[in-house]
Amino acid sequence: MKSLLLAAFGLVILKSAMAQDSTKTTNPLTISGYAEAYYNYDFNRPLNNTAPGFLYNFNRIGEVNLNLGFIKANYTTDRVRGNLALAAGTYVNANYAAEPGVLKNVFEANIGLKISKNVNLWLDAGIMPSHIGFESAVGKDNWALTRSLVAENTPYFESGLKLGFTTKDEKLYVSAMYLNGWQRMQRVDGNTTPAFGTQVTYKPAANVTLNYSTFIGSDKPDSARLMRYYHNFYGVFQLAEKFGITAGFDYGTEQKAKGSSEYNNWVVPTLIVRYSPSSKVNIAARGEYFQDQNGVIIATDTENGFKTFGLSANIDYAIFPAVLLRVEARNLSSKDRIFLERNQAGAEAMSRKDNFFLTTSISVAF
């Protein structure tokens, strides 16, 4: 943590030094930051004060904590761009547990080169935000306070190379990626299988965004190689100034055994509606379903596997332009008893089919 703070301080000093001559030229370096504190109450009152293992954001229960805080340096010119962001928080602890050493605190680290002077074609390399899904780790950018089940169980970040092209009218974006794995900075030991991703985003109108993303690869050592094929579809529709809908559908398959022609599969539909009665207030509701009977992504060791419905509703209030206060009620309901609860004696755990959460957060961005 000491080295993290020193690095952040160095970024601020660097920005100040480069800004001294800003009256003569546009400064290509900008410094930004974000922090989101939260309190999450789980009505099942788990003994370990931790949310179920498939939830990675706001996962500490019954305590005030930091979900995500980072400071970011961005460098942008006509032909070169780069990002470096260092982070801390319970989100980092949960999502980066598999990464070694100082990589656990690297939120983003990449450099990009525009490889054509007249065409908007970029080659980026390093640690980047994931190309899958409509939700990111930065809470203020999402319609709901907590992340959807599909967002929590697909990559938030990826490492590799990305070739991306945007048309002049910016309506179409197409990219292809060479990746180190499924949410991996480093490959799994013993894995020599490259992973690949693609993304197509089309904006036929200013109020409509359509996206299709894919992933192909194995996240296991070669000795136990299981090929995974993942498809992510979503659309964002701003139907009116105050009303919008986001609809998503994800479908994944993975080999049952190495070299097998049989596959396990999982499906995840998600729907979010948002109403904005004023510039400071947003109200959203989410419905979702995650079916993973064979436990490819979420293992339960129960008869029906992970078959879970989710409903949530949240209200957001912008106290100041950069400060957002949010409150959300969420319920998860599974076909099997997969959620642990504390019994009346308070010393043992029992299982049930439902889990209800009440979460609040406050964030600041600069």
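Use the structure listed above.
Just so it is clear, the model here is predicted, and its values are computed rather than measured.

1. Points about the overall build of the protein chain
Point 1. Across its full length, the protein chain carries 3 helices and 18 strands.
Point 2. The globule rule puts the C-alpha radius of gyration for 366 residues at 21 Å, and the 21 Å found for the protein chain is close to it.
Point 3. In the protein chain, which comprises 366 residues, the proportion classed as buried is 45%.
Point 4. Counting only carbon and sulfur atoms, one obtains 59% of the accessible surface of the protein chain, whose full area is about 17,900 Å².
Point 5. Between the averaged position of the 36 positive side-chain charges in the protein chain and that of its 31 negative side-chain charges there is a distance of 5 Å.

2. A short note on the pairing of strand β9 (residues 208-217)
Point 1. Taking burial as the measure, the 10 residues of β9 include 7 buried ones, the bulk of the element.
Point 2. Sheet topology note: the strand β8 (residues 195-205)/β9 ladder contains 8 bridges and is antiparallel. Bridge pairing in β9 links alanine 205 to valine 208.
Point 3. Where β8 folds back on β9, the antiparallel hairpin that results is connected by 2 residues.

3. Section: the pattern of salt bridges
Point 1. Applying the stated criterion to the full structure yields 14 salt bridges.
Point 2. With a closest N to O distance of 3.0 Å, glutamate 63 and arginine 60 form a salt bridge.
Point 3. Its salt-bridge partner being glutamate 254, residue lysine 220 comes within 3.6 Å of it at the nearest N-O pair. Placement of the pair is lysine 220 in the loop between β9 and β10 (228-240) and glutamate 254 in strand β11 (residues 243-255), with a sequence separation of 34 residues.
Point 4. A relative accessible area of 26% places lysine 220 in the partly exposed class.

4. Some words on the packing of aromatic side chains
Point 1. Taken as a whole and assessed by the stated rule, the structure comprises 19 aromatic pairs.
Point 2. Arranged with centres 4.5 Å apart and planes meeting at 15°, the rings of tyrosine 96 and phenylalanine 157 form a pair that is stacked. With tyrosine 96 in the loop between α2 (90-95) and β4 (106-114) and phenylalanine 157 in strand β6 (residues 157-166), this pair connects stretches of sequence that are 61 residues apart.
Point 3. A relative accessible area of 1% places phenylalanine 157 in the buried class.
Point 4. Ring geometry for tryptophan 182 versus phenylalanine 215: centroids 5.1 Å apart, planes at 75°, classification edge-to-face. Taken together, the residues tryptophan 182 in the loop between β7 (172-179) and β8 and phenylalanine 215 in strand β9 connect sequence positions 33 residues apart. An identical accessibility class is assigned to tryptophan 182 and phenylalanine 215; each is buried.
Point 5. Three or more aromatic residues link up through ring pairs in this structure, and these residues are Phe54, Phe290, Phe306 and Phe339.
Point 6. In this structure, arginine 81 is placed above the aromatic ring of tryptophan 122, and the distance from its NZ or CZ to the ring centre is 4.0 Å.
Point 7. Over the ring of tryptophan 182 we find arginine 228, and its NZ or CZ is 4.8 Å from the ring centre.

5. Notes on the nonpolar core
Point 1. Phe54, Leu55, Phe215, Tyr230, Phe290 and Leu332 are the most contacted members of the largest nonpolar core, which has 22 residues in total.
Point 2. The set of elements that each furnish at least two residues to this core consists of α3 (149-152), β7 and β12 (263-275).
Point 3. One finds Tyr91, Ile127, Val138 and Met185 within the second-largest nonpolar core, a separate group that totals 17 residues.

6. A few points about the environment of methionine 128
Point 1. Secondary-structure assignment places methionine 128 in strand β5 (residues 121-129).
Point 2. Sequence separation of methionine 128 and glycine 33 is 95 residues, and the distance between their C-alpha atoms is 17 Å.
Point 3. Apart from residues no more than four positions distant in its own chain, methionine 128 is found in contact with Asn110, Phe157, Glu158, Gly160, Leu161 and Lys162.

7. Digging into the side chain of serine 175
Point 1. Mapped onto the secondary structure, serine 175 falls in strand β7.
Point 2. When sequence neighbours within four positions are dropped, the list of residues in contact with serine 175 reads Lys162, Leu163, Gly164, Gly197, Thr198 and Gln199.

8. Re unusual backbone geometry
Point 1. Phi is positive for asparagine 49, close to 55°, though the residue is something other than glycine.
Point 2. The topology assignment puts asparagine 49 in the loop between β1 (29-42) and β2 (64-76).
Point 3. Of the residues examined, asparagine 49 reaches a relative accessible area of 32% and is grouped as partly exposed.
Point 4. Within the chain, phenylalanine 58 stands out as a residue other than glycine whose phi angle is a positive 55°.

9. Considerations on the environment of tyrosine 212
Point 1. Structurally, the position occupied by tyrosine 212 is in strand β9.
Point 2. We classify tyrosine 212 as partly exposed; its relative accessible area is 30%.
Point 3. If we skip the residues at most four places from it in the chain, tyrosine 212 touches Thr198, Gln199, Val200, His231, Asn232 and Phe233.
Point 4. Within the local environment of tyrosine 212, its side chain forms a polar contact with the side chain of histidine 231, the two groups lying 2.8 Å apart.

10. Quick look at a nonpolar patch on the surface
Point 1. Where nonpolar side chains cluster on the molecular surface, the patch consists of Tyr39, Tyr41, Phe43, Val64, Leu239, Phe243, Tyr275, Ile283, Ile315, Val327, Phe356 and Leu358 and spans about 1,100 Å² of accessible area.
Point 2. Looking at the nonpolar patch, the elements with two or more residues in it are β1 and β18 (354-365).
Point 3. Mapped onto the elements, phenylalanine 43 comes out in the loop between β1 and β2.
Point 4. With a relative accessible area of 44%, phenylalanine 43 lands in the partly exposed category.

Rules and cut-offs
Residues numbered from 1 in each chain as written. Predicted model: local features only at pLDDT ≥ 70, side-chain atom pairs only at ≥ 80, totals over all residues. Heavy atoms only, no water. Helix = DSSP H or I, 4+ residues; strand = E, 2+ residues; numbered from the N terminus. Rg over C-alpha atoms; globule rule 2.2 N^0.38 Å. Buried < 20%, exposed > 50% of the residue type's maximum accessible area, 1.4 Å probe, protein only. Areas by Shrake-Rupley, 256 points an atom, 1.4 Å probe, with all protein chains shown as cover. Lys, Arg positive; Asp, Glu negative; His and termini not counted. Charge placed at Lys NZ, Arg CZ, Asp CG, Glu CD. Pairing = 2+ DSSP bridges. Salt bridge = Lys/Arg side-chain N within 4 Å of Asp/Glu carboxyl O. Phe/Tyr/Trp six-rings, centres within 6.5 Å; stacked < 30°, edge-to-face > 60°. Lys NZ or Arg CZ within 6 Å of the ring centre and 35° of its normal. Core = buried A, V, L, I, M, F, W, Y, C linked by side-chain atoms within 4.5 Å. Contact = heavy atoms within 4.5 Å. Polar contact = N/O pair within 3.5 Å; in protein donor to acceptor, adjacent residues only side chain to side chain. Patch = residues over 30% accessible without salt bridge, like charges linked within 9 Å, V, L, I, M, F, W, Y side chains within 5 Å.

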